[in-house]
Amino acid sequence: MSTDAVTEAGTDPAKDALDVATLSYEQARDELVQVVSRLETGGEPLEASLALWERGEALAARCQEWLDGARERLAAARDGSAESPEGAE
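Novice: Describe the environment of Q27, with residues and values.
Specialist: Turning to its location among the elements, Q27 is positioned in helix 3 (residues 25-41). Remark: the alpha-carbon pair of Q27 and R62, spanning 35 residues in sequence, is separated by 10.0 Å.

Written as C-alpha coordinates, this is what we have:
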(Lines give C-alpha, C1' and ligand atoms only; values in the text may rest on other atoms or scores of the structure.)
Protein backbone atom coordinates (compact mmCIF):
# COMPACT_ATOMS: atom_id res chain seq x y z
CA MET A 1 0.00 0.00 0.00
CA SER A 2 1.49 3.33 -0.96
CA THR A 3 1.71 6.31 1.33
CA ASP A 4 -0.54 8.13 -1.17
CA ALA A 5 -3.50 6.12 0.14
CA VAL A 6 -2.75 7.34 3.64
CA THR A 7 -2.13 10.93 2.48
CA GLU A 8 -5.51 11.07 0.76
CA ALA A 9 -7.40 9.58 3.72
CA GLY A 10 -10.15 11.78 5.01
CA THR A 11 -10.92 13.57 1.76
CA ASP A 12 -14.20 11.70 1.23
CA PRO A 13 -15.41 9.66 4.23
CA ALA A 14 -17.92 7.62 2.20
CA LYS A 15 -15.27 6.70 -0.39
CA ASP A 16 -12.71 5.95 2.36
CA ALA A 17 -15.17 3.58 4.06
CA LEU A 18 -15.85 1.84 0.76
CA ASP A 19 -12.12 1.55 0.08
CA VAL A 20 -11.48 0.01 3.51
CA ALA A 21 -14.29 -2.51 2.99
CA THR A 22 -12.52 -3.86 -0.11
CA LEU A 23 -9.10 -4.34 1.51
CA SER A 24 -7.62 -7.72 2.29
CA TYR A 25 -6.41 -8.33 5.83
CA GLU A 26 -2.80 -7.80 4.78
CA GLN A 27 -3.56 -4.56 2.94
CA ALA A 28 -5.52 -3.14 5.89
CA ARG A 29 -2.83 -4.22 8.38
CA ASP A 30 0.00 -2.70 6.33
CA GLU A 31 -1.80 0.60 5.88
CA LEU A 32 -2.71 0.64 9.58
CA VAL A 33 1.00 0.29 10.43
CA GLN A 34 1.72 3.31 8.21
CA VAL A 35 -1.06 5.36 9.82
CA VAL A 36 0.14 4.56 13.34
CA SER A 37 3.70 5.44 12.37
CA ARG A 38 2.64 8.82 11.01
CA LEU A 39 0.57 9.56 14.10
CA GLU A 40 3.42 8.58 16.41
CA THR A 41 5.88 10.71 14.47
CA GLY A 42 3.69 13.77 14.85
CA GLY A 43 4.13 16.91 12.84
CA GLU A 44 0.79 16.57 11.05
CA PRO A 45 -1.71 19.43 11.28
CA LEU A 46 -4.66 18.75 13.57
CA GLU A 47 -7.14 18.14 10.74
CA ALA A 48 -4.78 15.67 9.04
CA SER A 49 -4.15 13.90 12.34
CA LEU A 50 -7.88 13.52 12.91
CA ALA A 51 -8.34 12.14 9.39
CA LEU A 52 -5.48 9.69 9.96
CA TRP A 53 -6.98 8.62 13.30
CA GLU A 54 -10.37 7.99 11.66
CA ARG A 55 -8.72 6.05 8.86
CA GLY A 56 -6.80 4.01 11.43
CA GLU A 57 -10.01 3.20 13.30
CA ALA A 58 -11.64 2.01 10.07
CA LEU A 59 -8.58 -0.08 9.16
CA ALA A 60 -8.45 -1.65 12.63
CA ALA A 61 -12.15 -2.53 12.36
CA ARG A 62 -11.52 -4.13 8.94
CA CYS A 63 -8.68 -6.22 10.36
CA GLN A 64 -10.96 -7.32 13.19
CA GLU A 65 -13.65 -8.34 10.67
CA TRP A 66 -11.12 -10.55 8.89
CA LEU A 67 -9.91 -12.08 12.16
CA ASP A 68 -13.47 -12.73 13.37
CA GLY A 69 -14.31 -14.37 10.05
CA ALA A 70 -11.23 -16.58 10.25
CA ARG A 71 -12.11 -17.55 13.81
CA GLU A 72 -15.65 -18.50 12.72
CA ARG A 73 -14.33 -20.59 9.83
CA LEU A 74 -11.93 -22.43 12.12
CA ALA A 75 -14.70 -23.11 14.64
CA ALA A 76 -16.98 -24.39 11.87
CA ALA A 77 -14.22 -26.63 10.53
CA ARG A 78 -13.57 -28.00 14.02
CA ASP A 79 -17.28 -28.60 14.61
CA GLY A 80 -17.63 -30.27 11.21
CA SER A 81 -14.72 -32.60 11.81
CA ALA A 82 -15.99 -33.47 15.29
CA GLU A 83 -19.41 -34.41 13.89
CA SER A 84 -18.16 -36.64 11.08
CA PRO A 85 -17.85 -40.33 11.93
CA GLU A 86 -14.34 -41.69 12.39
CA GLY A 87 -12.89 -43.19 9.26
CA ALA A 88 -15.32 -41.32 6.98
CA GLU A 89 -13.80 -39.49 4.04
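More follows now that the structure is in view.
Novice: Just give me the short version of the pattern of salt bridges, but keep the residues and values in it.
Specialist: Within the structure shown, the criterion is met by five salt bridges. Ionic pairing is found between R38 and E44, a salt bridge with its closest N-O pair at 2.9 Å. In this structure R38 comes out as partly exposed when scored by relative accessible area, which is 24%.

Novice: Report on helix 3, specifying residues and quantitative values.
Specialist: With 17 residues, helix 3 extends 24 Å from end C-alpha to end C-alpha; this agrees with the ideal 24 Å at 1.5 Å per step. When helix 3 is considered as a whole, its buried residues turn out to be A28, E31 and V35. The arc that holds the buried residues of helix 3, viewed along the axis, is 75°, so those residues lie on one side. Opposite the buried face of helix 3, at more than 90 degrees from it, the exposed residues are V33, E40 and T41. Residue G42 follows helix 3 closely and has a positive phi angle near 80°.

What counts and what doesn't
Residues numbered from 1 in each chain as written. Predicted model: local features only at pLDDT ≥ 70, side-chain atom pairs only at ≥ 80, totals over all residues. Heavy atoms only, no water. Helix = DSSP H or I, 4+ residues; strand = E, 2+ residues; numbered from the N terminus. Salt bridge = Lys/Arg side-chain N within 4 Å of Asp/Glu carboxyl O. Buried < 20%, exposed > 50% of the residue type's maximum accessible area, 1.4 Å probe, protein only. Expected span 1.5 Å × (residues − 1). Arc of directions from axis to C-beta.

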